[in-house]
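# Examination of the molecular architecture
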Amino acid sequence: MPTALITGATAGLGAAFARRLAADAYSLVLVARDELRLAQTADQLKLRYGVNVEVLPADLATDEGLARVESRIREGVDLLVNNAGFGNAGHFPHVPVDREVRQLKVHCEAVLRLTLAALPGMRERDRGAIVNVASVAAFFARGTYSASKAWVVNFSESAANEVGGPRIKIMALCPGFVRTEFHQRASMDTSGIPGFLWLKADDVVREAMRDLALGKRVSIPDLRYKAIVAVGRLVPRGLQTFVSSRIGK
Ligand SMILES: NC(=O)c1ccc[n+]([C@@H]2O[C@H](COP(=O)([O-])OP(=O)(O)OC[C@H]3O[C@@H](n4cnc5c(N)ncnc54)[C@H](OP(=O)(O)O)[C@@H]3O)[C@@H](O)[C@H]2O)c1
């Protein structure tokens, strides 16, 4: 059975990846900070899908947490989903610097280090895949969150250019607004986001897995967001930023 390690696997998109990969008969390694919730998630997946599930509690904003996950990855994983992430309440330059740095550690340092931990084994076996969860925000200049996600997209494409191929796939996943715990955790007001822009986590994961199988390097689930990104690339950056600031954070 292939093994998938998913960070941020207890809620939202990570939990949707866990359900999908369990249904595809992957053995799972679930990473998040909340140990009780990890254990409950693992029990539900084992019961429903009959797969092996390991839990690995770790805070990816810490060296110690990252080292534990790196060490498990070096034992061998076939699919790595770098999904853990969060938004900070407030906007640059009013967010305290320690929270900004935590976000960079989880969004960028963890993605870099866990990818580096996974690649040697994947190259030795000449197979494997890495999905780095970025965001549609990566294509717009909307503060430090979007800047960190732009790094994830650029890094994933660069890594795919350097070491990717038909048997080692590296893909950035760029969802739009998804109904998860993300916005509530970041105390974000979502009342300005039109209903038609919300995606379901399971739909995002289904499209991501299809794009991964097709060998895409950047996946933008759903036609609505493909269109938004395409139009965004055509208009001047200033106008793009103004319009995107009108439709939520
Ligand atoms: N929801 C959206 O609209 C949206 C849109 C585009 C991109 N994204 C991206 O999608 C990814 C998943 O977000 P989501 O919406 O599914 O969020 P979510 O529902 O809030 O889930 C976040 C998950 O990450 C874990 N996590 C958070 N900080 C962590 C840390 N320091 N170390 C380890 N695990 C951590 C959480 O568990 P613990 O709290 O137990 O650690 C939880 O399992 C993120 O990278 C996010 O930026 C989300």
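Residues numbered from 1 in each chain as written. Predicted model: local features only at pLDDT ≥ 70, side-chain atom pairs only at ≥ 80, totals over all residues. Heavy atoms only, no water.

The chain is annotated in an unreviewed UniProt entry as Short-chain dehydrogenase from Nonomuraea solani. We quote the UniProt Sequence similarities (unreviewed entry) comment for the chain here in full: "Belongs to the short-chain dehydrogenases/reductases (SDR) family." (UniProt positions renumbered as here; feature names shortened; annotations may be inferred.)

## Section: the pattern of salt bridges
For the structure shown, the criterion picks out 18 salt bridges. With a shortest N-O distance of 3.2 Å, Arg 102 and Asp 59 are connected by a salt bridge. Here the residue Arg 102 occupies a position in helix α4 (residues 97-125), and Asp 59 occupies one in the loop between β3 (53-57) and α3 (63-74), the gap between them amounting to 43 residues. One salt bridge in this structure joins Arg 113 and Asp 63, with 3.1 Å as the shortest N-O distance. Note that Arg 113 is positioned in helix α4 and Asp 63 in helix α3, a separation of 50 residues in sequence. Sharing partners across several salt bridges, the network here consists of Asp 63, Glu 70, Lys 105, Glu 109 and Arg 113. (Salt bridge = Lys/Arg side-chain N within 4 Å of Asp/Glu carboxyl O. Helix = DSSP H or I, 4+ residues; strand = E, 2+ residues; numbered from the N terminus.)

## Comments concerning the site of the ligand
The environment of the ligand is made up of 31 residues, and the closest members are Thr 10, Arg 33, Asn 83, Tyr 145 and Thr 180. At a separation of 2.9 Å, an oxygen atom of the ligand approaches a polar side-chain atom of Lys 149. Taken by itself the ligand offers 880 Å² of open surface, and the protein chains cover 97% of this. Within the residue set of the shell around the ligand, elements represented by two or more residues are α1 (12-23), α4, α5 (143-163) and α6 (182-185). Here the shell around the ligand gets three residues from one element, more than from any other, and that element is α6. Among the residues making up the shell around the ligand, the classes are represented as 15 nonpolar, nine polar and seven charged. (Near = heavy atom within 4 Å. Polar contact = N/O pair within 3.5 Å; in protein donor to acceptor, adjacent residues only side chain to side chain. Areas by Shrake-Rupley, 256 points an atom, 1.4 Å probe, with all protein chains shown as cover. Nonpolar A, V, L, I, M, F, W, Y, C, P; charged D, E, K, R; others polar.)

## Observations regarding the nonpolar core
Grouped together as the largest cluster of nonpolar side chains are 49 residues, with contacts concentrated most on Ile 6, Phe 17, Leu 21, Leu 28, Leu 30 and Leu 79. Dropping the residues within four chain positions of it, Leu 30 is found in contact with Ile 6, Ala 9, Ala 18, Leu 38, Thr 41, Ala 42, Leu 45, Val 53, Glu 54, Val 55 and Leu 56. Counting 28 residues, the second largest nonpolar core, distinct from the first, contains Leu 5, Val 106, Leu 114 and Leu 119. (Core = buried A, V, L, I, M, F, W, Y, C linked by side-chain atoms within 4.5 Å. Buried < 20%, exposed > 50% of the residue type's maximum accessible area, 1.4 Å probe, protein only. Contact = heavy atoms within 4.5 Å.)

## Here we look at the packing of α4 against α5
Two numbers describe how α4 lies on α5: the axes approach to 10 Å, and their chain directions differ by 15 degrees. Between α4 and α5, the interaxial angle falls into the category roughly parallel. The hand of the α4/α5 crossing is right-handed. Residues Glu 100, Gln 103, Leu 104, His 107, Cys 108, Val 111, Leu 112, Thr 115, Leu 119 and Arg 123 of α4 form the contact with α5, whose own contacting residues are Thr 144, Tyr 145, Ser 148, Lys 149, Trp 151, Val 152, Phe 155 and Val 163. When grouped by side-chain class, the residues that make up the contact of α4 with α5 number 10 nonpolar, five polar and three charged. (Axes fitted to C-alpha atoms, helices over the stretch in contact; angles between N-to-C directions. Parallel < 35°, antiparallel > 145°, perpendicular 65-115°, else oblique. Left-handed = near helix turned anticlockwise from the far one by under 90°.)

## Remarks on the environment of Ala 58
Structurally, Ala 58 is set in the loop between β3 and α3. Using a relative accessible area of 6% as the deciding quantity, one classes Ala 58 as buried. For the pair Ala 58 and Gly 8, spaced 50 residues apart in sequence, the C-alpha to C-alpha distance is 9.7 Å. If near-sequence neighbours (up to four positions away) are discounted, Ala 58 is found in contact with Val 31, Ala 32, Arg 33, Gly 65, Arg 68 and Val 69.

## Quick look at empty space enclosed by the protein
Following the criterion strictly, the structure yields one cavity of 30 Å³ or more and no others. Its boundaries defined by the atoms lining it, the largest cavity holds a volume of some 30 Å³. Forming the walls of the largest cavity are Thr 7, Leu 60, Asn 82, Asn 83, Ala 84, Val 106, Ala 110, Val 111 and Leu 114. Top element by residues in the lining of the largest cavity is α4. It accounts for four residues. (1 Å grid on protein atoms, 1.4 Å probe; cavity = no way out; pocket = protein on both sides within 12 Å on 5 of 7 lines; lining within 4 Å. Points joined across faces, edges and corners; volume = space filled by probe spheres on them.)

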